[in-house]
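What the coordinates show
Letter by letter, the chains look like this.
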Protein chains: 2
Amino acid sequence: MAWWKVSSAGRDVNPDLASERENPSFHVETLINILDGGVEETRVRRAVVSAIIKDPIFSREYIYFKTRSERFEGAIRNTLHMKRKIKEMGWDENGREVEHIYRALGGETALNIHNIFMKTISALGTDEQIAKWIPLASNYKVLGTYAQTELGHGTYLRGLETTATFDPKTQEFIIDTPQITATKWWPGDLGKSSTHAVVLAQLYSNGKKYGMHPFIVQIRSLKDHSPLPGISVGDIGPKMSFENVDNGFLMMRNIRIPRENMLSRYSQVLPDGSYVKKGSDKINYFTMIAVRVNMLRGEVLEALMKACTISVRYSAVRRQSELKPGDIEPKIIDYQTQQQKLFPLVATCYAIHFTAQYVDKFYHDVYSEIRKEDFNSLPELHALAAGMKAYATEICSNGVEVCRKACGGHGYSLYSGIPSLYTKVTASCTYEGENTVLHLQVARFLMKCFAAVQTRSPLPASTAYLSSPATDACTARNAADFLDPEVYLTAYEFRAYSLIASAAHKIQNLVGSGAEQYLAWNSTSVELVKASLAHSHYLTVKIFISAVTSLSDQPEIKAVVKRLCDLYALHGIFTNAGDFLQYGYLTGKQLDMATTAYLGLLAKLRKDAVLLVDAFDYTDEQLLSALGSYDGNVYHNLLEWAHKNPENKKVNPVFETYLKPFLHSHSSKL
Amino acid sequence: MAWWKVSSAGRDVNPDLASERENPSFHVETLINILDGGVEETRVRRAVVSAIIKDPIFSREYIYFKTRSERFEGAIRNTLHMKRKIKEMGWDENGREVEHIYRALGGETALNIHNIFMKTISALGTDEQIAKWIPLASNYKVLGTYAQTELGHGTYLRGLETTATFDPKTQEFIIDTPQITATKWWPGDLGKSSTHAVVLAQLYSNGKKYGMHPFIVQIRSLKDHSPLPGISVGDIGPKMSFENVDNGFLMMRNIRIPRENMLSRYSQVLPDGSYVKKGSDKINYFTMIAVRVNMLRGEVLEALMKACTISVRYSAVRRQSELKPGDIEPKIIDYQTQQQKLFPLVATCYAIHFTAQYVDKFYHDVYSEIRKEDFNSLPELHALAAGMKAYATEICSNGVEVCRKACGGHGYSLYSGIPSLYTKVTASCTYEGENTVLHLQVARFLMKCFAAVQTRSPLPASTAYLSSPATDACTARNAADFLDPEVYLTAYEFRAYSLIASAAHKIQNLVGSGAEQYLAWNSTSVELVKASLAHSHYLTVKIFISAVTSLSDQPEIKAVVKRLCDLYALHGIFTNAGDFLQYGYLTGKQLDMATTAYLGLLAKLRKDAVLLVDAFDYTDEQLLSALGSYDGNVYHNLLEWAHKNPENKKVNPVFETYLKPFLHSHSSKL
């Protein structure tokens, strides 16, 4: 067993970290259960994680030393082995275990878009298409990808240029990449794995254009994996992270596919070339929302939780400089500036956790309605998911980087485990909807809601506050008043309302003075993004407050989580003070009080900080961090990992080739 | 010649980029000369850059595909070739060309700390030591490093644990790593190159401790490069970037070195073990400041300038979505949200450029004074350099990442050129003084200055504003008033003053109510960091304003640079609104006006944006970006680079080993 796999039982816990766990103010295991959603959920999660990390085939031990090709190969191996493992362990392939497996593997899997390929066929294919393709795909007899994004077109789907032209003579579609901007670009699994692709293309039939539709196209030989004639396909090359994924490009020159390869559950081209729409495909819109909902907890929050675990533990072990003259070097976690970097992020983890839970529940509620053909809540769900995706990806990505820098020089080493978290999670700001684009979609929803207030139309619950804005300024008289959730929630409500109202008025004024609507919108878009952010921020505070309330039967846990909620809210006021002051809700003096309350909370949370990240319950193998191991043997870890580096075992070719000719030969002189 | 080296003359400029350069409002070449510091400086820079990029040995063509080992080997090759090239071209090894060479090589060099090794010996060695070591080192007959940082100790030098104990019997020092936290960790060139190190160690002689001193220690054999007995040395392993640098670790077990190997210009151990101090080593303090001054322009600003060039050009080529209904997809640079991401950063490049120039001049002025034994300005220089290092590294690192995200999905590809800029420049927030530590040092200086006001002691020029704070609130009555530099400079002055005064009062109050000084300081440190930031921010605005004034004989250039200055200042007010509102300098309404002025500037700078980054005058080979080439053939570049990827030429081993056994054999069925 590798040294860094030795469990905490095998090595002494660094006394500096052990002391942090003495006399806890709450029962960590209880908090773990709460985060998991119950004792049984904790048990299941731990059982899966344990089975995965004990399996040597899944080992990530040498991952920081691997090349891109090795990472890709390892991911393929993991994925194929995972299928066997699921069977062997008797897990349900569609059960709750699967999420835990993926998380335990730290993302080192491949063929993830192959799953999207299957989901797309299941959702958009006819029963016959499903019957034909799903058995092949689920046994890896074909490997698929989902090819939508093009070199020149991402977010704006209507702009996609790949064409599918129906030829009634042969009953085929001709799939074509008319110019290089139409090259499919980015699809995962396309670079080196896929044999087939669901290609999104503009449908033409009988000289008419029918918009985007999905087509199954074979791109590589099943025998020798070589590209089929007319196909140009390959890997798009290195990225900031995701070394394990073979993102690819695809050009198709007049590729002919049978009519049956157009996925036809909702629309079809008949043999004579006529186009038939069948029912509403509104529900498909839902898939995109589902992805955004799922990524919150699985990808985005996960990264921040790990980074917080690592940086808080390290801060309790690392000693530096002088606080009290003459004393030994203090733990860096005792510096207020370090607390200010990390504790609000720990609080953010809890905020986003409860928010993700809330959004997930809302999603499932709406899903039930939609199955009853009730689409009323879809716009609200869309706005909620889009807003939270944009809000959480930004705050979590930035937060991971703050954690990394808070670890000083060692944070820059891959061994800290944080650089690879950052370079990966930052991608989430762009994929599944670029954040600025999403904020502007949310803003459009907010503008509609704001307009609905004028016409006294009913508002969705999440924007109900727009109809009854606070009319009085904040009444807080001292710092302690800011620990009242009512006080800060009203402040957030007022802020969101003011920014939304201000943007709406600006647009009205511009249009009123003759500007075209689209120009007025563009000239207000910076403020619209701010308004969207403020709205999502307000919702997270509101959701966090109700989560605290729901903990009433656990007074000790409730006390510490309440503190986190206060900290999260007051940190937001401290860092966005302008919004709270500008519209007169807070005075400068009240902001001083809020700041005092905020800084006071940092000191109060000091003793619970390590316990609060222990409650995220990551194993050392999941963190893969020399700085963040449970036992805090930081320096020992770093040194051991350096010795493991294969580079240190190889002969150094640079010496022989480059350095030796120069070096002084009479070493005795020195 | 590789396709991406084809100059703009060889390919048509993308019409979308060409149109941006039509009818310029100013002469770009003139602005280039101003940034370079004169026509002749532009000529020299271009001559050097051209000679370097034309030399095939220096080619960075395949850099994004290389492994760490290949990057390191390439850097060694570049460095050795550079020495020959300098001779061949007749350049001065200590002349202005050298900076241009390093920048043209994009940092792909090695043996950089070998230079620090030599500088340290030259500064701290006796004449005999210099005469012995410098000739050996300058001809690479020995390869040195500078070993200061330890596993357990970075910023706080007094905490270093390596010991050097004098043994009068043998006239040797015994250099020892007493525990693993004392392992030297991070020194560049140590991992795979150095034969010698200047080791910083706690000096002990005759049982007395004398603090940190530098010692020359041989660590590897000059014959076969193997570690000497008692030495454990190697590469610390992969980092977030700097693949070309072999950062290393070093443990020394009772290594004996002759008494002559202690660098003894300023202090010496005599044969009997007695310790002698010779003169003041205050001037050495200066070296650290010099590094911070130099990194501003050379490393930090460079990254932001390149990222701005890439993202602004790309934004003028990339088209997306819909602005005016029915129109073709607009350039993304026409969206206000995109302008708001990029234009303030272009303005920041100019701000930091003029600031770096100012700091550099100030540094040289103080240097002249110090040579006359006048150390009066040293504290101000230290605060200025530390403050600007912390301010600029943070703002530039964050800015590079904003540029990257503003390029959407393609920004995440290494081909964009931005990920590698970010992962590198972000390190500057930590090295050469961790930013928070530096801000607190600046704050200490500011607190002293603030106290000096009470005692009517004279103040250094950079803090003179503390003695005459603005007493009236802002008088601006409309948005246009905020384009008056006097108006925004006063606002910045007021903000810095208020934050400094507020922190000082808080400390006074805490101490007054019985807190110990060190606790009062720690409890105020979040506010002290804010005060330091506000002070540096104010100075950059002030310096920018005088730079604009100095352009009076170039009215067209002055007009556009003035706009950048306004934008820089108003962007800072927009994003830090709380500070300007809290102390009552601006009203909420005035902030609205400032915002209107700010957003108005974005639209006004739109037509100059590409020209303003063209003025940074980077060649395509320096940018190494598929998105940022001068001719804007973005999609062509991306596709060509993907085809160059060696991975796409290799046989795919994953197919044979892993995928083939699964794939469907009867392809005819499909």
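The structure presented is a predicted model; accordingly, all values stated were derived computationally and were not measured.

Considerations on the interface of chain B and chain A
Facing the 134 residues of chain B at the interface are 134 residues of chain A. Across the interface of chain B and chain A, roughly 11000 Å² is buried in total on both sides, 63% from carbon and sulfur atoms. The tally of links from chain B across to chain A stands at six salt bridges. Here Glu394(A) ties to Lys405(B) by a salt bridge, and the two come within 3.8 Å at their closest N and O atoms. Across the contact surface, chain B and chain A share 52 residue pairs in polar contact (both at pLDDT 80 or more). In terms of residues, the side of chain B that touches chain A owes the most to one element, helix 4 (residues 68-89) of chain B, which gives seven residues. For the side of chain B that touches chain A, a count of residues per class yields 53 nonpolar, 48 polar and 33 charged.

A short note on helix 5 (residues 97-104) of chain B
All names here are of chain B. Extensive coverage of helix 5 is indicated by the burial of six of its eight residues. By the burial criterion, the buried members of helix 5 are Glu97, Val98, His100, Ile101, Arg103 and Ala104. In the core, the buried residues of helix 5 are packed alongside helix 3 (39-54), helix 4, helix 8 (285-315) and helix 21 (620-623). At the exit of helix 5 stands Gly106, carrying a positive phi of roughly 60°.

Here we look at the side chain of Arg606(A)
Residue and element names in this part refer to chain A. Mapped onto the fold, Arg606 is located in the loop between helix 18 (588-605) and helix 19 (609-614). What makes Arg606 buried here is its relative accessible area of 13%. Side chain to side chain, Arg606 and Asp334 meet in a polar contact 2.6 Å long.

Structural notes on the nonpolar core
Most often, soluble globular proteins keep nonpolar side chains buried together rather than apart. Grouped together as the largest cluster of nonpolar side chains are 325 residues, with contacts concentrated most on Tyr350(A), Phe544(A), Tyr350(B), Phe482(B) and Phe544(B). Once residues lying within four places of it in the same chain are set aside, the contact partners of Phe544(A) are Ala347(A), Tyr350(A), Ala351(A), Phe354(A), Val561(A), Leu564(A), Cys565(A) and Tyr568(A). Counting residues in hydrophobic clusters, the runner-up holds 22 residues, among them Ala164(B), Phe173(B), Ala201(B) and Val217(B).

Remarks on the sheet that holds strand 4 (residues 184-185) of chain A
All names here are of chain A. Across the sheet, which stays open at both edges, the three strands sit in the order 4-8-7 with antiparallel pairing between neighbours. Of all strands in the sheet, those bounded by a partner on one side alone are strand 4 and strand 7 (231-235). Alignment of strand 7 against strand 8 (residues 248-252), held across five bridges, turns out to be antiparallel. Across the sheet, residue Ile231 finds its bridge partner in strand 8, namely Met252.

Examining the sheet that holds strand 4 (residues 184-185) of chain B
Spatial strand order, 4-8-7 (chain B): three strands in an open sheet with antiparallel pairing. The sheet is open, and its two borders are formed by strand 4 and strand 7 (231-235) of chain B, each paired with just one other strand. Running at roughly 110° to strand 8 (residues 248-252) of chain B, helix 21 (residues 634-644) of chain A makes contact with strand 4, strand 7 and strand 8 of chain B of the sheet.

Structural notes on the domain arrangement of chain A
All names here are of chain A. By the assigned domains, chain A splits into domain 1 (11-104), domain 2 (114-273) and domain 3 (289-457 + 479-614). Relative placement of domain 1 and domain 2: their C-alpha centres are 35 Å apart. Facing the nine residues of domain 1 at the interface are 10 residues of domain 2. Carbon and sulfur atoms make up 55% of the area that domain 1 and domain 2 hide from each other, which totals about 900 Å².

Remarks on the pairing of strand 9 (residues 255-258) of chain B
In summary, the side chains of a regular strand alternate between the two faces of the sheet. Residue and element names in this part refer to chain B. The alternating pattern of strand 9 places Ile255 and Ile257 on a buried face and Arg256 and Pro258 on a face that is not buried. Relative to strand 9, strand 3 (residues 172-176) runs antiparallel, the two sharing four bridges. Paired with Ile174 across the strands is Arg256, a residue of strand 9.

Conventions and cut-offs
Residues numbered from 1 in each chain as written. Chains lettered and ligands numbered in written order. Predicted model: local features only at pLDDT ≥ 70, side-chain atom pairs only at ≥ 80, totals over all residues. Heavy atoms only, no water. Contact = heavy atoms within 4.5 Å. Buried area = accessible area lost by both parts, 1.4 Å probe. Salt bridge = Lys/Arg side-chain N within 4 Å of Asp/Glu carboxyl O. Polar contact = N/O pair within 3.5 Å; in protein donor to acceptor, adjacent residues only side chain to side chain. Helix = DSSP H or I, 4+ residues; strand = E, 2+ residues; numbered from the N terminus. Nonpolar A, V, L, I, M, F, W, Y, C, P; charged D, E, K, R; others polar. Buried < 20%, exposed > 50% of the residue type's maximum accessible area, 1.4 Å probe, protein only. Core = buried A, V, L, I, M, F, W, Y, C linked by side-chain atoms within 4.5 Å. Pairing = 2+ DSSP bridges. Axes fitted to C-alpha atoms, helices over the stretch in contact; angles between N-to-C directions. Domains from an automatic or database assignment.

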